[in-house]
Amino acid sequence: RRAWQGGRLVFMSKEEGGGTLVEKARASLVNKRVFVHLDDGRTVQGFLTCLDKQGNIILSNAVEGEPKRLIELEGGREKVEVKARTRQVGTVLIPRELRVSCHAEVLAEDLLDLKLHL
């Protein structure tokens, strides 16, 4: 499945890794900013370097974000909120199995070219 949302191409990781969407989008999305949501709640954003036929993604200049969360103190009587945080991770490989969704930033002028490839 794919959808256009606010100028972004959205595709779900649950599709087959070698499916036509991955094959067709690979060349069009290289060097575009990509936002990946992982199954543990983290997000990673960076520039798409590689999208292999299995659906694994390599991002460069990547930044990982963790959502705010509650942790229990000793004894479980109190919960403390931990603020959301980000960290620079550089180049990162994201296996297909860990992705929940993936969004790519596509500029208006790239949109026509991308539609031609899809």
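A brief look at the structure comes next. None of these values were measured; they are calculated from a predicted model.

## Details of the overall build of the protein chain
(1) Moving on: When you go through the protein chain residue by residue, the secondary structure sums to two helices and nine strands.
(2) Moving on: In sequence order, the secondary structure elements of the protein chain are arranged as β-β-α-β-β-β-β-β-β-β-α.
(3) Moving on: In the protein chain, once contacts between residues fewer than 6 apart in sequence are set aside, the share between residues at least 24 apart is 54%.
(4) Moving on: Roughly 7,600 Å² of accessible area belongs to the protein chain as shown, and the carbon and sulfur atoms make up 51% of that amount.

## A closer look at unusual backbone geometry
(1) Moving on: Here asparagine 31, not a glycine, exhibits a phi torsion of approximately 70°, which is positive.
(2) Moving on: Turning to its location among the elements, asparagine 31 is positioned in the loop between helix H1 (20-29) and strand E3 (33-38).
(3) Moving on: Unlike most non-glycine residues, asparagine 61 shows phi in positive territory, near 50°.
(4) Moving on: By the element assignment, asparagine 61 lies in strand E5 (residues 57-66).

## Focus: the pattern of salt bridges
(1) Moving on: Enumeration according to the criterion identifies four salt bridges in this entry.
(2) Moving on: Put simply, arginine 87 and glutamate 64 hold a salt bridge, and the shortest N to O gap is 2.5 Å. Separated by 23 residues along the polypeptide, arginine 87 in strand E8 (residues 85-94) and glutamate 64 in strand E5 bring together distant segments of the chain.
(3) Moving on: By relative accessible area, which is 48% here, arginine 87 ends up partly exposed.
(4) Moving on: Glutamate 66 is the partner of arginine 85 in a salt bridge, and the nearest nitrogen-oxygen pair spans 3.3 Å.

## As for the nonpolar core
(1) Moving on: Formed by 14 residues in total, the largest nonpolar core has its most connected members in Val34, Val36, Val44, Leu48, Ile57, Leu59 and Ile94.
(2) Moving on: Looking at this core, the elements with two or more residues in it are E3, strand E4 (43-51), E5 and strand E9 (99-105).
(3) Moving on: Apart from residues no more than four positions distant in its own chain, valine 34 is found in contact with Val44, Gln45, Gly46, Leu48, Leu59, Cys102, His103 and Ala104.

## Concerning the environment of arginine 99
(1) Moving on: On the secondary structure map, arginine 99 appears in strand E9.
(2) Moving on: For arginine 99, a relative accessible area of 3% translates into the label buried.
(3) Moving on: On a C-alpha basis, the gap between arginine 99 and asparagine 56 in space is 9.0 Å, while along the polypeptide they are 43 residues apart.
(4) Moving on: Only 2.4 Å separates the side chain of arginine 99 from the backbone oxygen of glycine 55, close enough to count as a polar contact.

## Looking at the side chain of histidine 103
(1) Moving on: Of note, histidine 103 is situated in strand E9.
(2) Moving on: Here the side chain of histidine 103 touches serine 101 through a polar contact of 3.4 Å, side chain to side chain.

## What to know about the pairing of E4
(1) Moving on: In terms of strand pairing, E3 meets E4 through five bridges, oriented antiparallel. Each bridged residue has a counterpart across the sheet, and for histidine 37 the counterpart in E4 is threonine 43.
(2) Moving on: Between E3 and E4, which pair antiparallel and follow one another directly, the connecting turn spans four residues, one of which, glycine 41, has a positive phi of 100°.
(3) Moving on: With seven bridges joining them, E4 and E5 adopt antiparallel strand pairing. Bridge pairing in E5 places threonine 43 opposite glycine 65.
(4) Moving on: Remark: five residues form the turn of the hairpin made by E4 and E5, two consecutive strands paired antiparallel; glycine 55 in that turn has positive phi of roughly 95°.

Definitions and limits used
- Residues numbered from 1 in each chain as written.
- Predicted model: local features only at pLDDT ≥ 70, side-chain atom pairs only at ≥ 80, totals over all residues.
- Heavy atoms only, no water.
- Helix = DSSP H or I, 4+ residues; strand = E, 2+ residues; numbered from the N terminus.
- Contact = heavy atoms within 4.5 Å.
- Areas by Shrake-Rupley, 256 points an atom, 1.4 Å probe, with all protein chains shown as cover.
- Salt bridge = Lys/Arg side-chain N within 4 Å of Asp/Glu carboxyl O.
- Buried < 20%, exposed > 50% of the residue type's maximum accessible area, 1.4 Å probe, protein only.
- Core = buried A, V, L, I, M, F, W, Y, C linked by side-chain atoms within 4.5 Å.
- Polar contact = N/O pair within 3.5 Å; in protein donor to acceptor, adjacent residues only side chain to side chain.
- Pairing = 2+ DSSP bridges.

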